[in-house]
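Okay, here's what each chain looks like letter by letter:
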Amino acid sequence: MPCTRHVKRIHILLPLVLALLLSACSRSARSEKQERQVFAMDTIMLLTAYGENAQAGLSAAEATILSLEAALDPEREDSELYALNHAEGAPVSVSDATLQILETGLTVWERSGGALDFTLYPAVRAWGFGGDGEYRVPDESELSALLALRGMEHIALDGHTVSLAAGQELSFGAAAKGCTAQAAVNAMRDAGVEAAILTLGGNVQTLGTKPDGSPWVVAVQDPFDTGSYLGTLSLDGGTAAVTSGNYQRYFEADGQIWHHILDPETGYPVRSGLCSVTVVCPDGTTADSLSTALFVLGEEDALAYRDRFGGFELVLVTEDRRVIVTGGLSFSEHGDFTYVYVD
Ligand code: AMP
Ligand code: MG
């Protein structure tokens, strides 16, 4: 753990899903490609837009990303999330983005039996995964004290007003990038862009069809060799593809690797038998919330969740080098894995 043969460098591993724009494009106004890189949410983000409104679209997307970064960072004292976390149980008025993350998160929390839980923030912070913190291994008693107020059943929504149990603190690390990618694509569309693809760390979001009519092609990163990929997905416009993986953020201490997705029961990095989970569905917030929850649940329960609730497709990568691909995906193999296709 994590699934890598070369665990020498300990740092945040950059994008796990590499957007590959595979076809050449002509120089017509409709197909002219413009790109922009933005660094936000501890991630290099690559925004690509086509057509005559591309520059306006990129600027709108960048502004959206920066404003959501400011609102959703629980470490920033002027953020909306900081205000909510420090309200001592009093109701706080929140933006559409926060409301959407909370509504989606509550659904996934309930359906997954608590595998996704934004109230793990004190434990996340204790490990140093919360922001700029130093990595460290908290002991069991510290973690159990930090989990005392765990549970999303204490979150009350009333319109745009939210309250937590006094003392609870949330982070949206598991869903914020998906929500942001979705909002950024919406901002591009409102600026008149008809074709775009955004890669925010492990979160990909597409808009429209490529100018040459071909599908968007994105690569799923190989967790065992993060410079490589294990297959490609062909995506339609209006699709999110989001990956959670234990190789994305981790550190080594006491001779062990400690990664950033925590088991809500214990507060320790979860060992579910999975290295990565890629979720494909129309909505970015849903895809991001699910990718974290299904990583925690593991192979069997992740597939059972999909059978029961539907609305998304999956690529699961297991520690024993199987790649499980669900029915509705257009997937091309690349690499030395056992590929398994399920309905
Ligand atoms: P993701 O990369 O989308 O899977 O999100 C992982 C991030 O969410 C971590 O870096 C933590 O900040 C936070 N996190 C870790 N475990 C959980 C969990 N079980 N539920 C909710 N958030 C979590
Ligand atoms: Mg997630």
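Everything quoted here is computed from the prediction, not taken from an experiment.

Draft legend 1. Inspection of the coordination of the magnesium ion (ligand 2) at higher detail. Donor atoms from the polypeptide that coordinate the magnesium ion (ligand 2) comprise Ala 174 (O), Asp 288 (O), Asp 288 (OD) and Thr 292 (OG1), at 2.1 to 2.3 Å from the metal. Donor residues for the magnesium ion (ligand 2) sit on one chain with the sequence pattern A-x113-D-x3-T. Taken as a pair, Ala 174 in the loop between strand S6 (161-163) and helix H6 (176-190) and Thr 292 in helix H7 (residues 284-297) lie far apart in primary sequence, 118 residues in all. Across this residue pair, the class does not change: Ala 174 and Thr 292 are buried.

Draft legend 2. Region of the structure containing the environment of Arg 271. By the secondary structure assignment, Arg 271 is in the loop between strand S13 (256-259) and strand S14 (274-281). Of the residues examined, Arg 271 reaches a relative accessible area of 47% and is grouped as partly exposed. Separated by 23 residues in sequence, Arg 271 and Gln 248 have C-alpha atoms that sit 15 Å apart. Within polar-contact distance, the side chain of Arg 271 engages the backbone oxygen of Ile 257 at 3.5 Å.

Draft legend 3. A look at the site of ligand 1. Around ligand 1 sit 16 residues, and of these Asp 117, Ser 244, His 260, Leu 262 and Thr 292 come closest. Between ligand 1 and Ala 115, the relevant distance is 3.0 Å, taken from a nitrogen atom to a main-chain nitrogen or oxygen of the residue. Between His 260 and ligand 1, the recorded distance is 2.8 Å, taken from a side-chain N or O atom to an oxygen atom. In isolation ligand 1 has 510 Å² of accessible area, and contact with the protein removes 92% of it. Of the residues forming the shell around ligand 1, the biggest block, 3 residues, is contributed by H7. Split into classes, the residues belonging to the shell around ligand 1 amount to 9 nonpolar, 5 polar and 2 charged.

Draft legend 4. Summary view of the pairing of S14. The element S14 is extensively covered by neighbouring structure, given that 8 of its 8 residues are classed as buried. For strand S11 (residues 240-245) and S14, the ladder comprises 6 bridges, and the chain directions are antiparallel. By the bridge assignment for S14, Thr 243 is matched with Thr 278. In the sheet, S14 pairs with strand S15 (residues 313-318) via 6 bridges, with the strands oriented antiparallel. Residue Thr 278 lies in a different strand from S15, and its bridge partner there is Val 315.

Draft legend 5. Quick look at the pattern of salt bridges. Applying the stated criterion to the full structure yields 10 salt bridges. When the shortest N-O distance is used, the salt bridge between Arg 125 and Glu 169 registers 2.9 Å. Of the two residues, Arg 125 sits in helix H4 (residues 121-127) while Glu 169 sits in the loop between S6 and H6, which places them 44 residues apart along the sequence. According to the relative accessible area criterion, Arg 125 is partly exposed, its value standing at 34%.

Draft legend 6. Molecular detail of the side chain of His 259. Within the fold, His 259 resides in strand S13. With relative accessibility at 0%, the residue His 259 sits in the buried group. Among the polar contacts made by the side chain of His 259, one reaches the main-chain amide nitrogen of Ile 261 at a distance of 3.2 Å. For His 259, the side chain forms a polar contact with the main-chain oxygen of Val 270, separated by 2.9 Å.

Draft legend 7. Focus on the sheet that holds S6. Across the sheet, 3 strands lie side by side as S4-S6-S5; this open sheet has antiparallel pairing. At either margin of the open sheet sits one strand with a lone partner, and together these are strand S4 (92-93) and strand S5 (156-158). Alignment of S4 against S6, held across 2 bridges, turns out to be antiparallel. Across the sheet, residue Ser 93 finds its bridge partner in S6, namely Thr 161.

Criteria and thresholds
- Residues numbered from 1 in each chain as written.
- Chains lettered and ligands numbered in written order.
- Predicted model: local features only at pLDDT ≥ 70, side-chain atom pairs only at ≥ 80, totals over all residues.
- Heavy atoms only, no water.
- Donors = N, O, S within 2.8 Å, 3.2 Å for Na, K, Ca; no water.
- Helix = DSSP H or I, 4+ residues; strand = E, 2+ residues; numbered from the N terminus.
- Buried < 20%, exposed > 50% of the residue type's maximum accessible area, 1.4 Å probe, protein only.
- Polar contact = N/O pair within 3.5 Å; in protein donor to acceptor, adjacent residues only side chain to side chain.
- Near = heavy atom within 4 Å.
- Areas by Shrake-Rupley, 256 points an atom, 1.4 Å probe, with all protein chains shown as cover.
- Nonpolar A, V, L, I, M, F, W, Y, C, P; charged D, E, K, R; others polar.
- Pairing = 2+ DSSP bridges.
- Salt bridge = Lys/Arg side-chain N within 4 Å of Asp/Glu carboxyl O.

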